[in-house]
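# Tertiary structure, described
Here are the chains, one letter per residue:
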Amino acid sequence: MTFDDEVEKINDHLFRGCRELTQVTLPKNLKEIGDYAFDSTNSLKSIEFPDLLEFIGEGAFRYSGLTSLSFKGNAPITIENFAFYNNDNLTTIDFLSTFISKGRLIFANCSNLNNVNFYNTTSIDAEIFFEAPLKNMTVASTNPV
């Protein structure tokens, strides 16, 4: 699935339950991913977030098949409740952009999440990694917090 680069928002529930969706190329001007937009997309293994992304809605990638995530944009990214909840294949997250969690249990129940790296984080709410094993967590010395 490929979007026109001028698309700025992916609507709520757009791909919810699309269990055969394997690849998505997000538009370079995307700013917002709506609530439950990619919920239950078990075959979706990777996704590259565009630099302008500012918001990921509630449950947006809940129960997806994603294996790793990298947030690398220029804008602060706000992530809502349960956005990546129960992603059993997720092992690594890199926060290269400014991360502002506004939600709870964002990465909860990700049973194989072992590595999280913060490079530019300003705010983390409680319980975002609830029930995740987290063997390695790195906070860069240049991190503002």
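Each chain has its residues counted from 1, running along the sequence as written. Whole-chain, interface and lining totals are the exception, using all residues; otherwise, since this is a predicted model, local features are given only for residues with pLDDT of at least 70 and side-chain atom pairs are given and counted only at 80 or more. As a rule here, side-chain values come from all non-hydrogen atoms in the structure, and water together with hydrogens is ignored.

Quick look at the sheet that holds strand β10 (residues 136-139) now. Read across the open sheet, the four strands follow the order β4-β6-β8-β10; overall the sheet is parallel. What marks the edges here is a single partner per strand, and that holds for β4 (68-71) and β10. Across the sheet, the axes of successive neighbouring strands diverge by a mean angle of 5°, strand direction being ignored. Paired strands, as defined in this entry, are two strands with at least two bridges between them according to DSSP. Helix and strand definitions here come from DSSP, where helices need a minimum of 4 consecutive H or I residues and strands a minimum of 2 consecutive E residues; each element is numbered from the N-terminal end. In this structure, strand β6 (residues 92-95) lies alongside strand β8 (residues 115-118), joined through four bridges in parallel fashion. Looking at the pairing, T92 lines up with N115 of β8. A fitted line through C-alpha atoms represents every axis, and for helices the fit uses only the stretch in contact; the resulting angles, taken between N-to-C directions, go from 0 to 180 degrees.

The subject of this paragraph is the side chain of N87. Structurally, N87 is set in the loop between β5 (77-79) and β6. For N87, the residues in contact, after removing those within four places along its chain, are F61, R62, Y63, S64, G65, L66, N109, C110 and S111. Contacts were defined at the residue level, with two residues in contact if any of their heavy atoms lie within 4.5 Å.

Once that is clear, we can look at the side chain of S40. Residue position: S40 is located in the loop between β2 (32-33) and β3 (55-56). In this structure, S40 is in contact with G17, C18, R19, R62 and Y63, ignoring residues within four places of it in sequence.

Scored by pLDDT, the protein has a mean of 89; 95% of the residues are at 70 or more. Taken element by element, the predicted model of the protein shows its lowest mean pLDDT in strand β9 (residues 121-123) (67) and its highest in β2 (98). Per residue, pLDDT measures the predictor's confidence, with a range of 0 to 100.

Moving on to the pairing of β6. Exposure is judged per residue with a 1.4 Å probe applied to protein chains only, and the accessible area is read against the type maximum: over 50% gives exposed, under 20% gives buried, and values in between give partly exposed. Of the two faces of β6, the one holding I93 and F95 is buried and the one holding T92 and D94 is not buried anywhere. Here β4 pairs with β6 via four bridges, running parallel. Residue pairing for β6: S68 is matched across the bridge by T92.

Our focus in this paragraph is the pattern of salt bridges. Two side chains with opposite charge may pair up if their charged atoms get near one another. The rule for a salt bridge is simple: a side-chain nitrogen of Lys or Arg has to be within 4 Å of a carboxyl oxygen of Asp or Glu. Enumeration according to the criterion identifies six salt bridges in this entry. One salt bridge in this structure joins K72 and E48, with 3.8 Å as the shortest N-O distance. Of this pair, K72 sits in the loop between β4 and β5 while E48 is found in the loop between β2 and β3, placing the two residues 24 residues apart along the sequence. Owing to a relative accessible area of 36%, K72 belongs among the partly exposed residues under this scheme. Look at E48 and you get exposed, because its relative accessible area is 58%. Here R104 makes a salt bridge to E127, at a shortest N to O gap of 2.4 Å.

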